[in-house]
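# A structural walkthrough
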Amino acid sequence: MTASPTLDPKLRNRLLRYLHTGIEIPKYFPGCWTAHKYFEDFKPPVLQEVFLADKNNTEVVNIILKAFHDGHFTRFETIAFTLAKCLYHGSERVKEITYRAALEVCKTPEEMMMFNNFLRHLKTGNGRGWCNFIKKWYVNRDPMELAKEVTRVRARHGRSHKTLVAKSHMKIDVNDYARDATIKYIMYGIKRARTILANAPGTEDIFDYIEKVESMRHCEDPKDAAKIAEENHFILDHVPGHLLTSQEVWEVILPQMPLQQVLHNIQRIHNMGFLTESSTTTAILCSLLTNNDKIKASKVTPIEVFIIVSNYERNSKPLKYEKAIAALEKQQRRRQRQTFNPESKVWEWTVTQRHPKEVKIWGIDQKPNKTVIATLHLLINHTWTLTTPTKARYLITLDMRDHMFKGLHFCEKYAPSKKSKRKDVVANNGGGGDVDNVQPAVTRTKIRQFAECFYNSHVSPGNAAIILMLQLLKREKHVKVAVFTEQGIELIDGKKCNDIEGTAMYLKKQKLGRVQLDAPIEWASKLNEKFDVFINMIDRSSRYMELEKSARGGRGPAGRFGPPPTNNDVVDHCPVRALERYRTKTANPDAKLIVMSLASHRSETTDGSHEGILDIVGIDEHVPKVMDAFVLGQFK
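The rules behind these values
- Residues numbered from 1 in each chain as written.
- Predicted model: local features only at pLDDT ≥ 70, side-chain atom pairs only at ≥ 80, totals over all residues.
- Heavy atoms only, no water.
- Phe/Tyr/Trp six-rings, centres within 6.5 Å; stacked < 30°, edge-to-face > 60°.
- Lys NZ or Arg CZ within 6 Å of the ring centre and 35° of its normal.
- Salt bridge = Lys/Arg side-chain N within 4 Å of Asp/Glu carboxyl O.
- Helix = DSSP H or I, 4+ residues; strand = E, 2+ residues; numbered from the N terminus.
- Buried < 20%, exposed > 50% of the residue type's maximum accessible area, 1.4 Å probe, protein only.
- Arc of directions from axis to C-beta.
- Contact = heavy atoms within 4.5 Å.
- Core = buried A, V, L, I, M, F, W, Y, C linked by side-chain atoms within 4.5 Å.
- 1 Å grid on protein atoms, 1.4 Å probe; cavity = no way out; pocket = protein on both sides within 12 Å on 5 of 7 lines; lining within 4 Å.
- Points joined across faces, edges and corners; volume = space filled by probe spheres on them.
- Nonpolar A, V, L, I, M, F, W, Y, C, P; charged D, E, K, R; others polar.
- Pairing = 2+ DSSP bridges.
- Axes fitted to C-alpha atoms, helices over the stretch in contact; angles between N-to-C directions.
- Patch = residues over 30% accessible without salt bridge, like charges linked within 9 Å, V, L, I, M, F, W, Y side chains within 5 Å.
- Areas by Shrake-Rupley, 256 points an atom, 1.4 Å probe, with all protein chains shown as cover.
- Lys, Arg positive; Asp, Glu negative; His and termini not counted.
- Charge placed at Lys NZ, Arg CZ, Asp CG, Glu CD.
- pLDDT = per-residue confidence, 0-100.
- Polar contact = N/O pair within 3.5 Å; in protein donor to acceptor, adjacent residues only side chain to side chain.
- Disulfide = S-S within 2.5 Å.

## Description of the packing of aromatic side chains
Inspection of the entire model under this criterion finds 11 aromatic pairs. Between F68 and F73, the ring centres sit 5.8 Å apart and the planes meet at 20°, which makes this aromatic pair stacked. Here the aromatic residues Y99, F115 and F133 are joined through ring pairs into a cluster of three or more. A cation over an aromatic ring shows up here: R141 above the ring of W137, its NZ or CZ 3.9 Å from the ring centre. Across from the ring centre of F405, 4.2 Å away, lies the NZ or CZ of K508, which sits over that ring.

## Remarks on the pattern of salt bridges
Scanning the model with the defined rule gives 35 salt bridges in all. Where R75 meets D620, a salt bridge forms, and the shortest distance between an N and an O atom there is 3.6 Å. In this pair, R75 sits in the loop between helix 5 (59–70) and helix 6 (76–89) while D620 sits in the loop between strand 13 (613–617) and helix 28 (623–631), placing the two residues 545 residues apart along the sequence. In terms of burial, R75 and D620 fall into one category: buried. A salt bridge links D237 to R156; the nearest nitrogen and oxygen atoms lie 3.6 Å apart. Separated by 81 residues along the polypeptide, D237 in the loop between helix 15 (222–232) and helix 16 (247–253) and R156 in strand 2 (residues 155–156) bring together distant segments of the chain.

## Looking at helix 19 (residues 280–289)
Residues of helix 19 that are buried include every one of T281, T282, L285, C286, L288 and L289, and no others. Projection of helix 19 onto a plane perpendicular to its axis shows the buried side chains occupying an angular sector of 160°, all on one side. The elements touched by buried residues of helix 19 are helix 16, helix 17 (259–263), helix 18 (266–271), helix 20 (292–297) and helix 23 (370–381).

## Comments concerning the nonpolar core
Nonpolar side chains tend to gather and get buried jointly when the protein is soluble and globular. W250, L263, I535 and M596 are the most contacted members of the largest nonpolar core, which totals 90 residues. Ranked by residue count, the leading element in this core is helix 24 (residues 461–475), at nine residues. Those residues in contact with M596 that lie beyond four places of it in its chain are L468, I535, N536, M537, I538, I616, I619, V623 and M627. Formed by 66 residues, the second largest nonpolar core is a distinct cluster that contains V50, F81, C86 and L164.

## Some points on the side chain of S597
Residue position: S597 is located in strand 12 (residues 592–597). Each residue touching S597, except ones within four places of it in the same chain, is listed here: I538, D539, R540, S541, S603, I616, V617 and G618.

## Some remarks on the layout of surface pockets
The space that makes up the second largest pocket amounts to roughly 590 Å³. With four residues, the single largest contributor to the lining of the second largest pocket is helix 25 (residues 500–508). Residue classes in the lining of the second largest pocket are distributed as eight nonpolar, seven polar and six charged.

## Focus: empty space enclosed by the protein
The final tally for this structure, using the stated rule, is three cavities of 30 Å³ or more. Along its surface, the largest cavity is lined by L468, Q471, L472, R475, P624, M627 and D628. Contributing elements (two or more residues each) for the lining of the largest cavity: helix 24 and helix 28. The leading source of residues in the lining of the largest cavity is helix 24, at four residues.

## Describing the sheet that holds strand 1 (residues 27–28)
Taken together, seven strands build an open sheet; the order of strands is 1-13-12-11-6-9-10 and the sheet is mixed. Each edge of the open sheet is held by one strand with a lone partner, namely strand 1 and strand 10 (488–491). Note: strand 9 (residues 479–485) against strand 10, four bridges, orientation antiparallel. Looking at strand 10, one finds that T485 is bridged to G488. Sitting on the sheet, helix 24 is in contact with strand 6 (394–398), strand 9, strand 11 (533–538) and strand 12, with an inclination near 160° to strand 6.

## What about a positive patch on the surface?
On the surface, R268, K330, R333, K357 and K360 cluster together into a patch of positive charge. Structurally, R333 can be placed in helix 22 (residues 321–335).

## So, unusual backbone geometry
A negative phi angle characterises most non-glycine residues, just as the trans form characterises most peptide bonds. If you check the backbone angles, N199 has positive phi at about 60° while not being a glycine. Mapped onto the secondary structure, N199 falls in the loop between helix 13 (190–196) and helix 14 (204–217).

## Thoughts on the confidence of the model for the chain
Looking at the chain, pLDDT values average 87 and 91% of them are 70 or higher. Within the model, the stretch residues 35–40 combines pLDDT values under 50 with 10 contacts to residues more than four positions away or in other chains.

## Some points on the environment of R401
Note that R401 resides in the loop between strand 6 and strand 7 (412–414). When the C-alpha positions of R401 and K508 are compared, they lie 6.7 Å apart, and in sequence the two are 107 residues distant. R401 has contacts with L512, G513, R514, V515, R543 and E546, leaving out every residue within four places of it along the chain. Looking at R401, its side chain comes within polar contact range of the side chain of D399, at 3.0 Å. Of the polar contacts made by the side chain of R401, one reaches the side chain of E546; its length is 3.0 Å.

## Examining the environment of H89
With respect to the element layout, H89 can be found in helix 6. In the structure, H89 is positioned 37 residues away from L52 in sequence and 8.2 Å away in space, judged by C-alpha atoms. Once residues lying within four places of it in the same chain are set aside, the contact partners of H89 are Q48, F51 and K55.

## Here's the deal with the state of the cysteines
One pass over the full model with this rule turns up zero disulfides. Free of any disulfide, C131 has its nearest neighbouring cysteine sulfur in C106, separated by 16 Å. Of the residues examined, C131 reaches a relative accessible area of 16% and is grouped as buried.

## Section: the pairing of strand 9
Counting buried positions along strand 9 gives six out of seven residues, so the element sits mostly inside the fold. Looking at chain direction, strand 6 and strand 9 are connected through five bridges and run parallel. If you follow T397 over to strand 9, its bridge partner there is A482. Here strand 9 hands over to strand 10 after two residues, the two strands then running antiparallel side by side.

Here it is as structure tokens:
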């Protein structure tokens, strides 16, 4: 068969953006994949366009495989869903290659079941190719490894091993007794499987391991369950639901967990009341957070640890609207069984017998453990250089004025004072945004309000920008850091940037000024400085409204991409066109621009027709990986 035609570059770029960020436009939203109703909308549209032009285009599958092996994608859902869409739109040849790629991609039961869940929703699969795919997934694994995976994960995403084995009409080779023992266990359970394959060679070790897992599942005594888990090195997936509120079990399985999983379970352990000052769980947790071997083996980033510690310090985490309502209702029911202690400022239980539904939240009103918080802050200092450097040349420019830390409009809201009846006009002191000209005739009242990042409300834009900057500064060799000033930008001494708090104090003392996104590029072009990546970190793109009208040329509403000014007296301050001029002058066609709008989603540096431009909205733990993928040219 002839080779597939080369994919159109624009379609290729759209597909790569989707694989890495979950959206086709050059913009990254935290949690953007879960925000889309991908089944009803049949996303991504780029695949429909590709297969509408040529149903035999197999290059799409090769692109998906390359993105998977490069490892810079943020969520496995995009990889699995695009493969499912290839089965939905492609020809028989494409389906054959897609199933082959799915075997290579779906390494764990969770990934395989997620892929099958997408096939179920798209109403595709279940043919001969799908049956062969399922059979090969179970046959290609070592029998003992298969038994461990099957007992670890029984079902995910609405799919179970029993359903998949039954639907695929799987038949194991008559001489493959060890593998057949696991399949029989999936279908019939341990007792009948032992009866069917009694004394079959190679099955004793398989059945012994499965029986240990089953004894853990049916154990009612937490101490006995902890002993079984310790002897067999079981992990969190092996623990049944009725034992997940046992402190003894958590103390045994915590050392078996990777560092990233430990971090994401800190709040859960705290809510059950295990992280008291004198508990052994706290000692175990702190020893894991300072274990050099675990830290080096992990791929944890500083911003991920900082988000976790910020959420833990406030004893909460970002919730969606529906979950926030449910959490409020649970809190109201909990308050009926609690009283408020004015000395400790903590809600204390008035009952000693725990209701089954209250066990998981018995310690939710306890103050965060200071020892754990201090250990998490120390962990940040060990994670600066864990990720692989990109070896690119960076110019990072930050807005470090008060609104990046203290809140919207310098933490000041205008409200009438109760003590005074004066109605003096108060002049605005440069809060920025779209309200610079508002002058309410009321006295000023300060409110303690912290700035919030989009999606992660417990992280301020200033701290997020400093952490991302420090990671690049400590990891890369060619990085220059600057701040926005009234004249454009001003370079700072990177050697004075060591930790988060010290860097924040140092940057606030610089000659700070209003944001002009093209200023770093124009500065580099004027001095003929060579950079591969320009990164601008601000809280919101509407800061351009602070500038005089003569300095807003080439910018649309709310700082978005706009056409060049028609008046020759007005200077074009569009960062996209400034980057294009810089590429031509320095003969660097691959120069890139990243604009991080940390506190607003209304960011649109480009209209999507330009290459090498990326908007990042808000902050989450995947942002460093998205930036590295973009810098390394994974989006084209």
